[in-house]
Amino acid sequence: MKTFLSPLFAKLRAEAAFLVLLAVAAVGAWLYVQFQQVRADRDDAVHRAELICASSGTDWTATPGGKTTPAYKRGVLCRAKVAGLADFKAHTDELTARTLAQALADHDARQNTDNQAARTAAEAARAAAQRMEMADAQAERKNLVDRDWFAAVNGVAGLRAPRH
Amino acid sequence: MALQACAHRGTEPVPTALVPDPVAVVVKATPPAELLRCATRPAGIPEDPALIAQIPTAVRAGIIRMATAFGANAAQLDRLIDWNAPGSCASAEAAR
């Protein structure tokens, strides 16, 4: 066995430099492929970031600072804008819900108040109508109307006699 | 590495107020003040024992119809105004 392998090892030893080169080349090729994949991935991610920023209405690129404005790194303005928009939506939803709930509660309160007012008015009108009927029946025979009849008329109209 | 990134982010200028504050506006369709006047209720017929009149049945019926309608309309107007501006005519009615 050893006699069989020894010429092979000898040959390998002679070509050691080439074998090392081959190994290095293989590693290099593998790294190159990895780098290509990473670069494609990065370009895709940056492109998507640019699209997201553009749809939010801001720039992905870095902003140079002015005299009064600080310089922003790329994506900072965009991120702040998107966060602000999300916050805006959440708060708007909350405010809208609260406003609608308040409107509903107000409507219910009005309905209750009006129901009470309607009941009171209907009871008063019914009582006044009965009184009017009685007073008018009394006046029916001679067509003579007196204080009772006038008071009943004031009652159905919801009015009061003038004060003297 | 991560700590460095955090430390770096702390010094980075962060913009503020890129988005306006949210506003939910309540739209109120308030009628003109003229339409919100409570029902006019003048003084009625004098209730004086000395006053006696002879009124034919048909005229009496007409007077009763008008008085009844006046009362119903005034009550309805007050309720309508109270619906729009709660409490504005209920106090007026209570003061009567």
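K.L.:
Help me understand the overall build of chain A, please; the structure alone is not making it clear to me.
P.N.:
When its secondary structure is counted, chain A shows four helices and one strand. Walking chain A from its N terminus toward its C terminus, one meets helices and strands in the order α-α-α-β-α. A buried classification covers 13% of the 164 residues belonging to chain A. Taking all contacts inside chain A whose residues are at least 6 apart in sequence as the whole, residues at least 24 apart take part in 23%.

K.L.:
Help me understand the nonpolar core in this model?
P.N.:
Considering soluble globular proteins, one finds that nonpolar side chains tend to be buried as a cluster. Formed by 13 residues in total, the largest nonpolar core has its most connected members in Met132(A), Trp149(A), Ala152(A), Val153(A) and Val156(A). Broken down by secondary-structure element, the contributors of at least two residues to this core are helix H3 (76–139) and helix H4 (147–157) of chain A together with helix H2 (57–84) of chain B. Examining the composition of this core, we find that six residues originate from one element, H4(A), more than from any other. Once residues lying within four places of it in the same chain are set aside, the contact partners of Met132(A) are Ala152(A), Val153(A), Gly155(A), Val156(A) and Ile64(B).

K.L.:
So what exactly am I meant to see when it comes to the interface of chain A and chain B here?
P.N.:
By convention, interface size is frequently given as the accessible area that disappears when the constituent parts associate. Taken together, the 44 residues of chain A in the interface contact 40 residues of chain B. Among the secondary structure elements, those contributing two or more residues to the side of chain A that touches chain B are H3, strand E1 (144–145) and H4 of chain A. Ranked by the residues each element gives to the side of chain A that touches chain B, the list is headed by H3(A), at 24 residues. Here the residues of the side of chain A that touches chain B are counted per class, giving 25 nonpolar, nine polar and 10 charged. Bridge count between E1(A) and strand E1 (residues 53–54) of chain B: two bridges; the pairing is antiparallel. The residue of E1(B) that forms the bridge with Leu144(A) is Gln54(B).

K.L.:
Just to check I follow, could you spell out H2(B) for this structure?
P.N.:
Each α-helix winds once per 3.6 residues, and so residues spaced three or four apart point in a common direction. Between its first and last C-alpha, H2(B) extends 41 Å over 28 residues, near the 40 Å set by a 1.5 Å rise per residue. Looking at H2(B), one finds that the buried residues are Ile64(B), Ala67(B), Gly71(B), Ala74(B), Ala75(B), Asp78(B), Ile81(B) and Asp82(B).

K.L.:
Would you explain the confidence of the model for chain B in this entry?
P.N.:
Caution is warranted with low-pLDDT regions, since their predicted coordinates should not be read in detail. Residue and element names in this part refer to chain B. Looking at chain B as a whole, the pLDDT averages 80, with 76% of positions reaching at least 70. Element-level pLDDT for chain B is lowest in helix H1 (residues 2–11), with a mean of 48, against a maximum mean of 93 in H2. For the stretch residues 1–8, pLDDT sits under 50, and the model shows zero contacts to residues farther than four places along the chain or on other chains. Scoring of the predicted complex yields 0.65 for pTM and 0.71 for ipTM.

K.L.:
Hey, could you run me through the packing of H4(A) against H2(B) in this one?
P.N.:
Between H4(A) and H2(B), whose axes approach to 6 Å, the crossing angle comes to 35 degrees. Of H2(B), the residues touching H4(A) (which contributes Val153(A), Val156(A) and Ala157(A)) are Ile63(B), Ile64(B), Ala67(B), Thr68(B), Phe70(B) and Gly71(B). Class assignment of the residues belonging to the contact of H4(A) with H2(B) gives a composition of seven nonpolar, two polar and no charged.

K.L.:
Just to check I follow, could you spell out the packing of H3(A) against H2(B) for this structure?
P.N.:
The geometry of a pair of packed helices is captured by two quantities: the angle between their axes and the separation between those axes. Axis separation between H3(A) and H2(B) bottoms out at 10 Å; the angle between their running directions is 170 degrees. In terms of axis orientation, H3(A) runs roughly antiparallel to H2(B). Contacts between H3(A) and H2(B) pair Arg110(A), Thr113(A), Asp114(A), Ala117(A), Ala118(A), Ala121(A), Ala125(A), Ala129(A), Met132(A), Asp136(A) and Ala139(A) from the former with Arg60(B), Ile64(B), Thr68(B), Gly71(B), Ala72(B), Ala75(B), Arg79(B), Asp82(B) and Trp83(B) from the latter. Its residues assigned to classes, the contact of H3(A) with H2(B) comprises 11 nonpolar, three polar and six charged.

K.L.:
Sorry if this is basic, but what is going on with H4(A) here?
P.N.:
Buried residues dominate H4(A), accounting for eight of its 11 residues. Inspection of H4(A) places Trp149(A), Phe150(A), Ala152(A), Val153(A), Asn154(A), Gly155(A), Val156(A) and Ala157(A) among the buried residues, and these make up the whole buried set. Packing partners of the buried residues in H4(A) comprise H3 and E1 of chain A together with H2 of chain B. Once H4(A) ends, the next one or two residues include Gly158(A), with phi positive near 75 degrees.

Definitions and cut-offs
Residues numbered from 1 in each chain as written. Chains lettered and ligands numbered in written order. Predicted model: local features only at pLDDT ≥ 70, side-chain atom pairs only at ≥ 80, totals over all residues. Helix = DSSP H or I, 4+ residues; strand = E, 2+ residues; numbered from the N terminus. Buried ≥ 20, exposed ≤ 12 C-beta atoms within 10 Å, placed from the backbone. Contact = placed C-beta atoms within 7 Å. Core = buried A, V, L, I, M, F, W, Y, C linked by C-beta atoms within 7 Å. Nonpolar A, V, L, I, M, F, W, Y, C, P; charged D, E, K, R; others polar. Pairing = 2+ DSSP bridges. Expected span 1.5 Å × (residues − 1). pLDDT = per-residue confidence, 0-100. Axes fitted to C-alpha atoms, helices over the stretch in contact; angles between N-to-C directions. Parallel < 35°, antiparallel > 145°, perpendicular 65-115°, else oblique.

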